[in-house]
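# A look at the structure
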Amino acid sequence: MTVPEKGAEPTGVDLARVALRAAREQARAQGAAAQQKKQARRGGLRSGARADGRDPLPLASAITRLMTERGWEKPAAVGGVMGRWPQIVGPDLANHCVPERYDEDARVLTVRCDSTPWATQVRLLAPQLVARLNKDIGPGTVTFLKVMGPAGPTRRYGPLRAPGSKGPGDTYG
């Protein structure tokens, strides 16, 4: 068997080998395309005897997998805090304040209290509550506890209000 020189054109047997290799690769590619078309006609890929990624999962495993893939672990943990608020802070405090929202970017939990004295008390307890929440959820999840006092009643005007009106002050003038 002779090895062709680097600058020379392949001849004879070498040319046949190159042609055979190209024909095999083309046949392999056509076979794979035909196999994919056949599977598509049958209804897609089918699971075999061994477990793989296409097998059905229990609901809890599927939800856990989805949360991990999307990066929803921390928001879900904070949502759990919203549901377990009385167990985390105690029944007395839970009767007078409730968590309203969580800002994931700033890592701030907003809490609304039903009276000003309770809002003051929660502001004083904020460092301990943040430490307890981070112990329960995970370190660094909540960095600040924003305490809101009671909200005043919403001001509603009568049903016959002129569009663009700013209230009774713009009637005259």
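Residues numbered from 1 in each chain as written. Predicted model: local features only at pLDDT ≥ 70, side-chain atom pairs only at ≥ 80, totals over all residues. Heavy atoms only, no water.

## What about the overall build of the chain?
The criterion, for reference: Only runs of H or I of at least four residues qualify as helices and only runs of E of at least two qualify as strands under DSSP, and these elements are numbered from the N terminus. When a residue's accessible area, from a 1.4 Å probe over protein chains only, is under 20% of the maximum for its type it is buried; when over 50% it is exposed; and in between it is partly exposed. For accessible areas, the Shrake-Rupley method is used with a probe of radius 1.4 Å. Any residue's cover is judged against the shown protein chains and nothing else.
A count of helices and strands for the chain gives 6 helices and 3 strands. Order of helices (α) and strands (β) in the chain, N terminus to C terminus: α-α-α-α-α-β-β-α-β. For the chain, with 173 residues in total, the buried portion stands at 19%. On the chain, roughly 13,500 Å² of surface is accessible, and the fraction owed to carbon and sulfur atoms is 57%.

## Observations regarding the side chain of Thr141
Rules: By the criterion applied in these results, polar contacts are pairs of N or O atoms within 3.5 Å in which, for protein atoms, one can donate a hydrogen and the other can accept it, and in which residues neighboring in sequence qualify only through two side-chain atoms.
Along the polypeptide, Thr141 turns up in the loop between helix 6 (116-137) and strand 3 (144-148). Using a relative accessible area of 2% as the deciding quantity, one classes Thr141 as buried. At 2.8 Å, the side chain of Thr141 and the backbone oxygen of Gly138 are in polar contact.

## Topic: the sheet that holds strand 3
Inclusion rule: Paired strands, as defined in this entry, are two strands with at least two bridges between them according to DSSP. Axis geometry follows a simple rule: fit a line to the C-alpha atoms, using only the stretch in contact for helices, then measure angles between N-to-C directions, giving values from 0 to 180 degrees. By the convention used here, residues are in contact when the closest approach between their heavy atoms is within 4.5 Å.
If you trace the 3 strands from one edge of the open sheet to the other, you get 1-2-3, paired in mixed fashion. Where the open sheet ends on each side, the last strands, each with one partner, are strand 1 (97-103) and strand 3. Across this sheet, the average inter-strand angle for adjacent strands is 25°, counted without regard to direction. In terms of strand pairing, strand 2 (residues 108-113) meets strand 3 through 5 bridges, oriented parallel. Counterpart to Thr110 in the pairing with strand 3 is Lys146. Sitting on the sheet, helix 3 (residues 73-83) touches strand 1 and strand 2, and the angle it makes with strand 1 is about 170°. The sheet contacts of helix 6 involve strand 1, strand 2 and strand 3, and relative to strand 3 the element is tilted by about 160°.

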